[in-house]
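# Close look at the chain arrangement
Listed below are the residues making up each chain.
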Amino acid sequence: MLARTRSPKSTVSQEVTAFLETAAATFRSSTCSSELPLSFGVDLGTATIVLTAVDGQGRPVYWDCLPCQAVRDGVVVNFADAVTAVRQLKATATSVLEREIAAAATAFPPGVPQAEARACRYVLENAGIRCRQLVDEVTAAQALLRLHDGVIVDVGGGSTGVGVVSNGIIIALDDEPGGGHHLDLILAGALRIPVEEAEERKRRGDQDYSHILRPGIERIASSIVRQIRNHAVESIHLVGGAVRVSHAAAIVAGFSGIQTWAYPHSELVTPFGIAMS
């Protein structure tokens, strides 16, 4: 049974859209003063690790990423590789921003046990960064989106996290296995290409693979509906690199019966939300 809905009111915020467009342009470069205080975030993703920075007014000033498969379903499975990647990102950012990165926030999927989530903290500490904040990924996304009402869906490589927001507060939080990696497998099988190439093509977004990926996207939509349960919701907001697929929002809306929004540069929502947390 699909979740009950109210009349849709939420839309994609122009402020958030402008933030993301500005953020995308700060890849490995920054024009901020070396004297201004910055807040950093490290997103330990399934396919990539991302380092972001915002200034004291919450404006994006820098981001960088490295491919790394040290994390699976939100769990650090190759500690040494994760630490190496964070150290490399830290060194590059230190050079570009002309400052040391002493502290940063990081995040974990909502369904990961606290014992496993603490491994994210240890990755930062072993890379020479103090972990100032450890939050779940949906809460991090809300730090940027600042929804009043709606559902935040963070589709990662290995899991889909869902947070129901009411009056600006997350009142329900869940996570289920399954996400972008499943889409990669579908695309790789259909095109008879390696999974790594499928991931790259999906993220590039210059071709429409929605006719191939529809079953996988509908599987994600089914997971979203299960996690919403009986909460009355008015809109779904998709974030994460895994949903950079043409017509993903329309497919989720068609399956769920709930108005669904996608964001430009959706893969940057959670990483920058982490820095803002």
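Our structure is the block above this text.
So, here is what we can say about the structure in this document. Because the structure is a prediction, the values reported are computed rather than measured. In this numbering scheme, every chain counts its residues from 1 along its sequence in written order. In keeping with the predicted nature of the model, local features appear solely for residues at pLDDT of at least 70, side-chain atom pairs appear and are counted solely at 80 or more, and the whole-chain, interface and lining totals rest on all residues. Excluding hydrogens and water, the side-chain values take into account all heavy atoms of the structure.

Moving on, we come to helix 8 (residues 248-256). For an α-helix, 3.6 residues make a turn, and residues three or four places apart therefore share a direction. Only protein chains enter the accessibility calculation, which uses a 1.4 Å probe; a residue is then buried when its area is under 20% of its type maximum, exposed when over 50%, and partly exposed in between. Every helix listed is a DSSP run of H or I at least four residues long, and every strand listed is a run of E at least two residues long, numbered separately from the N terminus. For helix 8, the set of buried residues is Ala248, Ala249, Ile251, Val252 and Ser256. For helix 8, the arc enclosing every buried residue in end-on projection is 165°, short of the 170-degree limit, so these residues lie on one face. Relative to its buried face, helix 8 has exposed residues pointing more than 90 degrees away, namely Ala250 and Gly254. Here a residue-residue contact requires only that any non-hydrogen atoms of the pair lie within 4.5 Å. Each element contacted by the buried residues of helix 8 is listed here: helix 7 (210-228), strand 11 (236-239) and strand 12 (260-262). Positioned one or two residues after helix 8, glycine 257 has a phi angle of 75°, which is positive. The arc under discussion is defined with respect to the helix axis, by the directions toward the C-beta atoms.

What follows deals with the environment of serine 166. Here serine 166 shows up in strand 9 (residues 159-166). Placed 108 residues apart in sequence, serine 166 and isoleucine 274 show a C-alpha to C-alpha distance of 21 Å. If we skip the residues at most four places from it in the chain, serine 166 touches His148, Asp149 and Ile171.

Here, any two strands with at least 2 DSSP bridges between them count as paired. Strand order in the open sheet formed by five strands is 3-2-1-6-7, with mixed pairing between adjacent strands. For this open sheet the edge positions go to strand 3 (60-67) and strand 7 (130-136), each flanked by a neighbour on one side alone. For this sheet, the mean inter-axis angle between neighbouring strands, taken without regard to orientation, is 20°. Sheet analysis places strand 2 (residues 48-55) next to strand 3, joined by seven bridges and oriented antiparallel. Across the sheet, the residue bridging to alanine 53 is tyrosine 62, located in strand 3. The angle between two axes is taken between their N-to-C directions and runs from 0 to 180 degrees, where each axis is a line fitted to C-alpha atoms and a helix contributes only its stretch in contact.

What follows is about the pattern of salt bridges. What counts as a salt bridge is simple: a side-chain nitrogen of Lys or Arg found within 4 Å of a carboxyl oxygen of Asp or Glu. Here the structure, examined in full by the defined rule, presents 12 salt bridges. Residues aspartate 174 and arginine 229 are paired through a salt bridge, measuring 2.9 Å at the closest nitrogen-oxygen approach. Pair noted here: aspartate 174 is in strand 10 (residues 169-177) and arginine 229 is in the loop between helix 7 and strand 11, with a separation of 55 residues, a long-range link. For lysine 202, the salt bridge is made with aspartate 184, and the minimal N-O distance between the two is 3.0 Å. Of the two residues, lysine 202 is situated in helix 6 (residues 195-204) and aspartate 184 in helix 5 (residues 180-191); the sequence distance between them amounts to 18 residues. You'll find lysine 202 and aspartate 184 in the same group, each marked buried.

Looking now at the pairing of strand 10. By the bridge criterion, eight bridges tie strand 9 to strand 10 in an arrangement that is antiparallel. Looking at strand 10, one finds that glycine 163 is bridged to leucine 173. The antiparallel pairing of strand 9 with strand 10 creates a hairpin that spans two residues between the two strands, and asparagine 167 there sits at a positive phi of about 55°.

Any functional reading would require information that these geometric values do not contain.
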